[in-house]
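One letter stands for each residue in the lines below.
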Amino acid sequence: MDIVQLLRQRVVVFDGPYGTELQQRGLPGGEPPETWILQKPEEVIAIHVSYLEAGPDVIHTNTFGANRIRLSRFGLGEQVQEINRKAVALAREAIRRTGRAEVIVEGNIGPTGELLEPLGDLTSEAALEAFTEQAQALAEAGADFLHVKTMTSLEEALLALKAALGTGLPVIVSMAYHLSHKGAFTMMGVEAGKAVETFEREGASAVGANCEVQIQEMVEIVKAMRGRTSLPIVAQPNGGKPTLQEGTIVYPETPESFTSHVPALIEAGANAVGACCGARPSFIRMVVESVGKR
């Protein structure tokens, strides 16, 4: 089913983070998650399967950093096409193994990790080229829609949106906001209301917020977004507020405490609920149950 149609019909459940799961399976710190698409594809499939068994409507490809600019830091710049195409194939294989043919595959596109001029050295032309290359690879491999995620710069998000729209697929744009006494802003100072108005005007099919905050704060961010857009809103908060314990980042939220806030998130205006850093498939399973009860 088309993701936009589904978002308009009912509350949709997205899956959760892959970085957390890969680390649990032994991904070394500092190694890009995308390397396992080529080196350990069965581990990536296993993570897809664990989420599929939890029951979401949408799973995403393990391609958050799979653009040429980011991959080039690790000597993988020439494998952009292969990595993105295989990532879609791994998601499809997991769907085949679980028999969940109705599940929608999201092509995941994250930021370049560089600052655009004049704050940094990255030109708009280079960023657009990198996003276009990744978006085309994901689309040609069979992703159902593209999701530009965890953006903090409005300019970079718009370049990614432009590139993704060029594929002809529906595009969702999510940014990473935090709350202050002045409202919801990204670390680059982009206000949530302004962002969603801009993305709606520029052709996004839906907007969203992911990462940065725990679910209680996400409720307030969704309220701020809902007041400024008629588009569907996708909310994917972290699995709690991270703390450092014995050199390890720990997210203290439990599936039960996380899910207890899902009704408030939906009441605030979220059309889809998923999770980000620190959450596990057990979180998504309980979100599916909570949404189903509604």
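Right above here is the structure, for reference.
Residues numbered from 1 in each chain as written. Predicted model: local features only at pLDDT ≥ 70, side-chain atom pairs only at ≥ 80, totals over all residues. Heavy atoms only, no water.

1. With respect to the overall build of the chain
Convention followed: Strands are runs of DSSP state E lasting at least 2 residues, helices are runs of H or I lasting at least 4, and numbering of each runs from the N terminus. Accessible area is worked out with a 1.4 Å probe on protein chains only. A residue is then buried under 20% of its type maximum, exposed over 50%, and partly exposed in between. Throughout, a residue-residue contact means that at least one pair of heavy atoms, one from each residue, lies within 4.5 Å. Throughout, the Shrake-Rupley method with a 1.4 Å probe supplies accessible areas, and for residues the shown protein chains are the sole cover considered.
Scanning the chain from N- to C-terminus turns up 13 helices and 12 strands. Seen through its principal axes, the chain has C-alpha atoms that stretch 45 × 45 × 45 Å. Looking at the chain as a whole, 54% of its 294 residues qualify as buried. Taking the contacts inside the chain whose residues are at least 6 apart along the sequence as the reference set, 76% of them involve residues at least 24 apart. For the chain, the accessible surface area stands at approximately 12,000 Å², while carbon and sulfur atoms represent 50% of it.

2. So, the pairing of strand 3 (residues 104–109)
Test applied: Two strands form a pair only when DSSP identifies at least two bridges running between them. When the strands point away from the viewer and the path from the first strand over the helix to the second turns clockwise, the crossover is right-handed.
Judged by how many residues are buried, strand 3 sits mostly within the fold: 6 of 6 residues are covered. Neither face of strand 3 is open: one carries Ile104, Glu106 and Asn108, the other Val105, Gly107 and Ile109, and all of them are buried. Sheet topology places strand 2 (residues 58–60) next to strand 3; 3 bridges connect them, and they run parallel. Within strand 3, the residue paired with Ile59 across the bridge is Val105. Note that strand 3 and strand 4 (residues 145–151) share 4 bridges and pair parallel. Bridge assignment links Asn108 to a residue of strand 4, and that residue is His147. In terms of handedness, the path from strand 3 via helix 7 (residues 124–141) over to strand 4 forms a crossover that is right-handed.

3. Re helix 13 (residues 281–293)
To keep it simple, the criterion reads: Helix span, as expected, comes to 1.5 Å for every residue beyond the first.
Look at helix 13: 19 Å from first C-alpha to last across 13 residues, which is about the 18 Å you get at 1.5 Å a residue. Three or more residues of helix 13 are buried, namely Pro281, Phe283, Ile284, Val287, Ser290 and Val291. Among the structural elements, strand 1 (12–13), helix 2 (19–24), helix 4 (41–54), helix 11 (255–259), helix 12 (262–268) and strand 12 (272–273) are those in contact with the buried residues of helix 13.

4. Examining the packing of helix 4 against helix 13
Note the cut-off: Fitted lines through C-alpha atoms give the axes, limited to the stretch in contact for helices. The angle between two N-to-C directions lies from 0 to 180 degrees. Should an angle fall under 35 degrees it is taken as roughly parallel, and over 145 as roughly antiparallel, whereas 65 to 115 is taken as roughly perpendicular and any remaining angle as oblique. It is the rotation of the near helix from the far one that decides the hand of a crossing: anticlockwise by less than a right angle makes it left-handed, clockwise makes it right-handed. In the scheme used here, Gly and all other residues not listed as nonpolar or charged are polar, with Ala, Val, Leu, Ile, Met, Phe, Trp, Tyr, Cys and Pro taken as nonpolar and Asp, Glu, Lys and Arg as charged.
Two elements in contact, helix 4 and helix 13, have axes separated by 8 Å at closest approach and are oriented at 25°. The orientation of helix 4 relative to helix 13 falls into the category roughly parallel. Crossing geometry of helix 4 relative to helix 13 is assigned as right-handed. Residues Ser50, Tyr51, Glu53 and Ala54 of helix 4 form the contact with helix 13, whose participating residues are Pro281, Ile284, Arg285 and Val288. Of the residues that constitute the contact of helix 4 with helix 13, the class distribution is 5 nonpolar, 1 polar and 2 charged.

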